[in-house]
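Descriptive analysis of the structure
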Amino acid sequence: QVRLVESGGGLVQAGGSLRLSCAASGNILSINDMHWHRQAPGKQRELVAKITSGGGTNYADSVKGRFTISRDNAKNTVYLQMNSLKPEDTAIYYCYAELQPHGDIWYDDYWGPGTQVTVSS
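Residues numbered from 1 in each chain as written. Predicted model: local features only at pLDDT ≥ 70, side-chain atom pairs only at ≥ 80, totals over all residues. Heavy atoms only, no water.

Regarding the pairing of strand E8 (residues 77-82)
Taking burial as the measure, the six residues of E8 include five buried ones, the bulk of the element. Sheet topology note: the strand E3 (residues 18-25)/E8 ladder contains six bridges and is antiparallel. Looking at the pairing, Leu-20 lines up with Leu-80 of E8. Pairing analysis gives six bridges linking strand E7 (residues 67-72) to E8, with the strands arranged antiparallel. When the bridges of E8 are listed, Phe-67 appears paired with Met-82. (Buried < 20%, exposed > 50% of the residue type's maximum accessible area, 1.4 Å probe, protein only. Helix = DSSP H or I, 4+ residues; strand = E, 2+ residues; numbered from the N terminus. Pairing = 2+ DSSP bridges.)

Structure, rendered in structure tokens:
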């Protein structure tokens, strides 16, 4: 069965950096878009960054110039490089992928369980 697992979260001081990874495992035929979302306590989940199968990217205004999303299609992995971190970046970060398992003729939505990022002031 296909699943996504995030890694790389942790504690960091303001101004520091973290790199999140999300690996899709299982028998996968193809992966379309991949996203990073985040949810802080008491707030709605928001889209942070997305990347298409061709490498096109979009970012939330709050992270433009600081975060970079990338992917390694050979490893079925998406990354989020986070620089110049701020306390307001503190949230659980979730990985999303629209992908097609082997044997299926349609794309499905998959979510990882999330990884905590905490930025101290």
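Moving on from the model shown.
Focus: the pattern of salt bridges
A side chain with one charge may pair with a side chain of the opposite charge, provided their charged atoms come close. Applying the stated criterion to the full structure yields four salt bridges. Salt-bridge contacts for Lys-64 lead to Asp-61; the nearest nitrogen and oxygen are separated by 3.0 Å. As far as the burial class goes, Lys-64 and Asp-61 line up, both exposed. Where Arg-66 meets Asp-89, a salt bridge forms, and the shortest distance between an N and an O atom there is 2.8 Å. Remark: Asp-89 occurs in the loop between E8 and strand E9 (91-101) and Arg-66 occurs in the loop between strand E6 (57-59) and E7; sequence separation between them is 23 residues. A relative accessible area of 1% places Asp-89 in the buried class. (Salt bridge = Lys/Arg side-chain N within 4 Å of Asp/Glu carboxyl O.)

Some words on the environment of Ser-120
Along the polypeptide, Ser-120 turns up in strand E11 (residues 115-120). Exposure remark for Ser-120: the relative accessible area of 38% places this residue in the partly exposed category. For the pair Ser-120 and Asp-89, spaced 31 residues apart in the sequence, the C-alpha separation amounts to 9.8 Å. Those residues within four positions of Ser-120 in sequence are excluded, and the remaining contacts are Val-12, Gln-13 and Ala-14. (Contact = heavy atoms within 4.5 Å.)

Re the sheet that holds E3
If you trace the four strands from one edge of the open sheet to the other, you get E1-E3-E8-E7, paired in antiparallel fashion. Edge positions in the sheet fall to strand E1 (3-7) and E7, since each of these pairs with one other strand and no more. Strand after strand, the sheet turns through a mean of 15 degrees between neighbouring axes, direction not considered. With five bridges joining them, E1 and E3 adopt antiparallel strand pairing. Each residue of the ladder has a partner; that of Leu-4, found in E3, is Ala-24. (Axes fitted to C-alpha atoms, helices over the stretch in contact; angles between N-to-C directions.)

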